[in-house]
Amino acid sequence: MAVITRLVGSKGRTPKVKVYLDGQYAFSLEPAVALEAGLRPKCELDDAQIEELSQANRLRMAISAAERLISFRPRSEFELRQSLARKGFAGDVIMQALDYLRLSGVVDDTAFARYWTENRETFRPRGQRMVQAELRRKGVAMDVAQEATSVIDDGESSYMAGLKKARLLRGCDYKEFSLKLAQYLMRRGYDYDAIRSSIKRLWQEIAQEKEGLLE
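Residues numbered from 1 in each chain as written. Predicted model: local features only at pLDDT ≥ 70, side-chain atom pairs only at ≥ 80, totals over all residues. Heavy atoms only, no water.

Structural notes on the overall build of the protein chain
In terms of regular secondary structure, the protein chain is built from ten helices and four strands. The N-to-C order of helical and strand elements in the protein chain reads β-β-β-α-β-α-α-α-α-α-α-α-α-α. At 27 Å, the protein chain has a C-alpha radius of gyration far larger than the 17 Å of a compact globule built from 215 residues. Put simply, 54% of the contacts in the protein chain that link residues at least 6 apart link residues at least 24 apart. Measuring between centres, the 36 positive side-chain charges of the protein chain sit 7 Å from its 31 negative side-chain charges. (Helix = DSSP H or I, 4+ residues; strand = E, 2+ residues; numbered from the N terminus. Rg over C-alpha atoms; globule rule 2.2 N^0.38 Å. Contact = heavy atoms within 4.5 Å. Lys, Arg positive; Asp, Glu negative; His and termini not counted. Charge placed at Lys NZ, Arg CZ, Asp CG, Glu CD.)

Here you go:
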């Protein structure tokens, strides 16, 4: 049985609580773990309790690492699992951390799929099938990916995706304009019908703008 003789808190980006047993530094804990365990000087710890603290600390560290990643942008469960594994966390710790985050609502693949779809539509439009494929690569279930991307109208989305490119091609003849714009939209996952409709619409708009300038 060892006795806690000192608890020293450290500050910074990753604050820790240093635990001294019998006058010697023994280990460090996440502040939340030390608080939840009710540690204080003169408390006694046996080997089993120390191991329990170690396990709780690993779990808390995994949860904190996942929360930091999510603070930058939402993540799928698969992305978090891969990232935590790369950071060296054991499989059972990762599973417990994801269970905790899922139950607390922090990890939700359905919400993530909606976020990813909306983000794509707003900033970098892609075809419905391409967005589905992106979500599948991030470990999102097929039915969840299909439901999230069902809001994508490939016709309108391809038009929005082609707007800026069409402006850059306004000096081209129709053949060059249609070829380059078609290639651009194909790389973004749009099908033939959506591409053909968008090319026609964008060409007509540019032609109308040119006519307006000549009047």
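A closer look at the packing of helix α8 (residues 154-168) against helix α9 (residues 174-186)
Where α8 meets α9, the axes come as close as 10 Å, and the angle between the chain directions of the two elements is 130°. The orientation of α8 relative to α9 falls into the category oblique. Relative to α9, the crossing made by α8 is right-handed. Note on element contacts: α9 touches α8 through Phe177, Leu181, Tyr184 and Leu185, opposite Ser158, Ala161, Gly162, Lys165 and Ala166. (Axes fitted to C-alpha atoms, helices over the stretch in contact; angles between N-to-C directions. Parallel < 35°, antiparallel > 145°, perpendicular 65-115°, else oblique. Left-handed = near helix turned anticlockwise from the far one by under 90°.)

A few points about the pairing of strand β3 (residues 24-29)
Here is the key point about a regular strand: its side chains alternate between the two faces of the sheet. Note that strand β2 (residues 16-21) and β3 share five bridges and pair antiparallel. Looking at β3, one finds that Tyr20 is bridged to Tyr25. Where β2 folds back on β3, the antiparallel hairpin that results is connected by two residues, among which Asp22 adopts a positive phi of roughly 55°. (Pairing = 2+ DSSP bridges.)

Quick look at the packing of helix α2 (residues 47-72) against helix α4 (residues 91-103)
Where α2 meets α4, the closest approach of the two axes is 9 Å, and the angle between their N-to-C directions is 60°. Taken together, the axis directions place α2 and α4 in an arrangement best described as oblique. In terms of crossing hand, the pair formed by α2 and α4 is right-handed. Every residue of α4 that contacts α2 at Arg58, Leu59, Arg60, Ala62, Ile63, Ala66 and Glu67 is listed here: Val93, Gln96, Ala97, Tyr100 and Leu101. Of the residues assigned to the contact of α2 with α4, the class counts are eight nonpolar, one polar and three charged. (Nonpolar A, V, L, I, M, F, W, Y, C, P; charged D, E, K, R; others polar.)

So, helix α3 (residues 77-86)
Side chains of residues three or four places apart in an α-helix project in the same direction, reflecting 3.6 residues per turn. Residues of α3 that are buried: Glu77, Glu79, Leu80, Ser83 and Leu84. Taken end-on, α3 shows its buried residues confined to a sector of 155°, consistent with a single buried face. Where the residues of α3 are buried, they touch α2, α4 and α5 (109-123). Positive phi shows up at Gly88, right after α3, with a value of about 95°. (Buried < 20%, exposed > 50% of the residue type's maximum accessible area, 1.4 Å probe, protein only. Arc of directions from axis to C-beta.)

Concerning the packing of aromatic side chains
Tallied over the full model, the rule gives five aromatic pairs. An angle of 35° between the planes, with centres 5.9 Å apart, marks the rings of Phe112 and Trp116 as tilted. Placement of the pair is Phe112 and Trp116 together in helix α5, with a separation of four residues, close to one helical turn. Here Trp116 falls in the buried class, since its relative accessible area comes to 13%. Geometrically, the ring pair formed by Phe177 and Trp203 is tilted, given 5.0 Å between the ring centres and 55° between the ring planes. Taken together, the positions of Phe177 in helix α9 and Trp203 in helix α10 (residues 192-214) put the pair 26 residues apart, joining distant regions of the chain. With a relative accessible area of 24%, Trp203 lands in the partly exposed category. Here the aromatic residues Phe112, Tyr115 and Trp116 are joined through ring pairs into a cluster of three or more. Sitting over the ring of Tyr20, Arg6 keeps its end group 4.7 Å from the ring centre. Lying over the aromatic face of Tyr184, Arg188 brings its terminal NZ or CZ to 3.7 Å of the ring centre. (Phe/Tyr/Trp six-rings, centres within 6.5 Å; stacked < 30°, edge-to-face > 60°. Lys NZ or Arg CZ within 6 Å of the ring centre and 35° of its normal.)

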